[in-house]
There are 2 protein chains.
Amino acid sequence: MAKDMMLYWGSGSPPCWRVMIALEEKNLQGYNHKLLSFDKKEHKSEEVMKLNPRGQLPTFKHGDVVVNESIAVCMYLENQFKSQGTQLIPDDVKEQALVLQRVFETNTLQQKMYESLFYNYFIPEPERHESAQNRHKENLKTEITLWESYLQQMGKGSFVAGRSFSMADVIFFPVFAFLPRFGLSKERYPHLMEYYEMVKERPSVKSSWPPHWVEPTGGDALSDL
Amino acid sequence: MAKDMMLYWGSGSPPCWRVMIALEEKNLQGYNHKLLSFDKKEHKSEEVMKLNPRGQLPTFKHGDVVVNESIAVCMYLENQFKSQGTQLIPDDVKEQALVLQRVFETNTLQQKMYESLFYNYFIPEPERHESAQNRHKENLKTEITLWESYLQQMGKGSFVAGRSFSMADVIFFPVFAFLPRFGLSKERYPHLMEYYEMVKERPSVKSSWPPHWVEPTGGDALSDL
């Protein structure tokens, strides 16, 4: 079945990485894929645009079904291959509710992280303000402190929505992984950093690690968070 | 079952409205609810905060299960009451893929709409720039033109992801409804406006219409979009 799949992706993009982790967890190794360069604007190429009018990555095709939004792709894969590989959405009502809750809370983390870490990328120079940058950093700190408290409550060795790896980790980890890469403090966020050390060794995560992330860090922009 | 449910909500909030439409569509009328005032900061009250550390609405409880993120609540309700009321996520592979795709694309519409329509609310006065406001309005125009093309391709009388009302409409409509409210042009977006006229008459939408939206418009801020 993986032979009928085609993934267009970019290195280091959390949405792309999610899909790759989900494919690994659902034992769909052997899918076709093409690594594209954001710098060269290959995500705006005709090949992508005809499948994805937004010109974004991931762009994903399974047979004649096209799904491009990263969480939609992951949920589609879970629904289509429910009994194959890791079950990513639990049947138990309460467990399922928590997994869904954490999946969608990740959107807030992603937004706060982008606003802070990629401020200069998104905001043209004449519109930049130190007050805005400080506010974004404070917001990210508040957000990451909340996730630290979630993991603390969950107990040692837990994943982000329970004792088992789930869809919540598939969605959360590729966003969260930027924080350690930019120097997140092990002292102030011990539960998150312990989670990071555990999940980065997971085979699905290791084998889909962004190729340009081989060098260990992206800098220390977040070390004072 | 609806008697075990409690919804804290705010009038006109797209995330709250989604949950209310989903509850209606799943025949869960009779749920308990409490209308809170954002102006009075009632969403930061202890009653809400103990269920939702983010202090946001909706906050939703079903028995001892708490789910607060709006799309998570809607998906939870669909999973728990699959064979009750309207089926919101189709079984058919291709139809399901399109529903999921449009559900998650709505996040982009929501972001572009908030950035443009609520610029002055989110950006402190000393950080405002006309160039940013113009860019946000252009981005919203690009976004809404894409949705207009989706509806055009789908054909007359279609919903946002097919011939049937689905989860995509539950998620999309409460965001989209702001645009007609702020003067979206019937001439330039005929398919979207036809969709609007159809869906606003749907019983689930009518009975959950934001109480403070009784007056027909919010202004003409988007009439030149």
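Procedures and definitions
For every chain, the first residue of its written sequence is number 1, and the numbers climb from 1 along that sequence. All chains are assigned letters beginning at A, and all ligands numbers beginning at 1, according to the order in which they are written. A pLDDT threshold of at least 70 governs which residues receive local features in this predicted model, and a stricter bar of 80 or more applies before side-chain atom pairs are shown or counted, although totals over entire chains, interfaces and linings include all residues. With hydrogens and water stripped out, all remaining heavy atoms of the structure feed into the side-chain values. What makes two strands pair is DSSP finding at least two bridges between them. Helix and strand definitions here come from DSSP, where helices need a minimum of 4 consecutive H or I residues and strands a minimum of 2 consecutive E residues; each element is numbered from the N-terminal end. Axis lines are fitted to C-alpha atoms, over the contacting stretch for helices. Their N-to-C directions set the angle, which ranges from 0 to 180 degrees. The least-squares superposition of copies is restricted to C-alpha atoms, and to residues with a pLDDT of at least 70 in both copies. The contact definition used throughout considers only heavy atoms, calling two residues in contact when any of these lie within 4.5 Å. Either an automatic procedure or a domain database provided the assignment from which the domain bounds are taken. Accessible area that two parts lose when put together, with a 1.4 Å probe and added across both, is what the buried area reports. Definition used for salt bridges: Asp or Glu carboxyl oxygen within 4 Å of a side-chain nitrogen of Lys or Arg. Think of a polar contact as two N or O atoms within 3.5 Å of one another; within protein, one of them needs to be a possible hydrogen donor and the other a possible acceptor, and neighboring residues in sequence only count if both atoms come from side chains.

Named according to an unreviewed UniProt entry, chain A is Glutathione S-transferase originating from Hemibagrus guttatus.

Q: Help me understand the sheet that holds strand E4 (residues 65–67) of chain B in this model?
A: Two modes of strand pairing occur in sheets, parallel and antiparallel, and in both the strands are linked by backbone hydrogen bonds. Residues and elements named next belong to chain B. One open sheet holds the four strands; their spatial order is E2-E1-E3-E4, and the pairing between them is mixed. The open sheet terminates on both sides in strands that have one partner only, identified here as strand E2 (32–35) and E4. With direction set aside, neighbouring strand axes in the sheet form an average angle of 15°.

Q: Just to check I follow, could you spell out the relation of the copies chain A and chain B for this structure?
A: Between the two copies of the chain lies a relationship made up of a rotation around an axis and a movement along it. Screw-axis analysis of chain A against chain B gives a translation of 0.0 Å along the axis, an RMSD of 0.0 Å, and a rotation angle of 180°. Both chain copies can therefore be described as sitting about a two-fold axis. Proximity to the rotation axis, assessed at the C-alpha, singles out Glu-127 of chain A in chain A; its C-alpha lies 3.8 Å from the axis.

Q: What is the right way to look at the sheet that holds strand E1 (residues 5–9) of chain A in this model?
A: Residues and elements named next belong to chain A. Within the open sheet, the four strands sit side by side as E2-E1-E3-E4. Their pairing is mixed. Each of the sheet's edge strands pairs with one partner strand only, and the pair in question is strand E2 (32–35) and strand E4 (65–67). With direction set aside, neighbouring strand axes in the sheet form an average angle of 15°. As judged from the four bridges shared by E1 and E2, these two strands associate in the parallel manner. From the neighbouring strand, Tyr-8 faces E2, where its bridge partner is Lys-34. Relative to E1, helix H1 (residues 14–25) is tilted by about 150°, and along the sheet it contacts E1 and strand E3 (59–62).

Q: How do you make sense of the domain arrangement of chain A when you look at a structure like this?
A: One widely used convention gives an interface's size as the accessible area the parts lose upon coming together. Residue and element names in this part refer to chain A. By domain assignment, chain A separates into domain 1 (2–80) and domain 2 (93–213). With centres defined by C-alpha atoms, the gap from domain 1 to domain 2 works out at 21 Å. Residue-level contacts link 17 residues of domain 1 with 26 residues of domain 2. Summing the contributions of domain 1 and of domain 2, the shared interface buries around 1800 Å²; its carbon and sulfur component is 73%. The closest approach of N and O atoms between Glu-25 and Arg-202, which form a salt bridge, is 2.7 Å. For the pair domain 1 and domain 2, the interface holds seven residue pairs in polar contact (both at pLDDT 80 or more). Those elements that provide at least two residues to the side of domain 1 that touches domain 2 are H1 and helix H3 (70–80). Per-element accounting of the side of domain 1 that touches domain 2 gives the leading share, nine residues, to H1.

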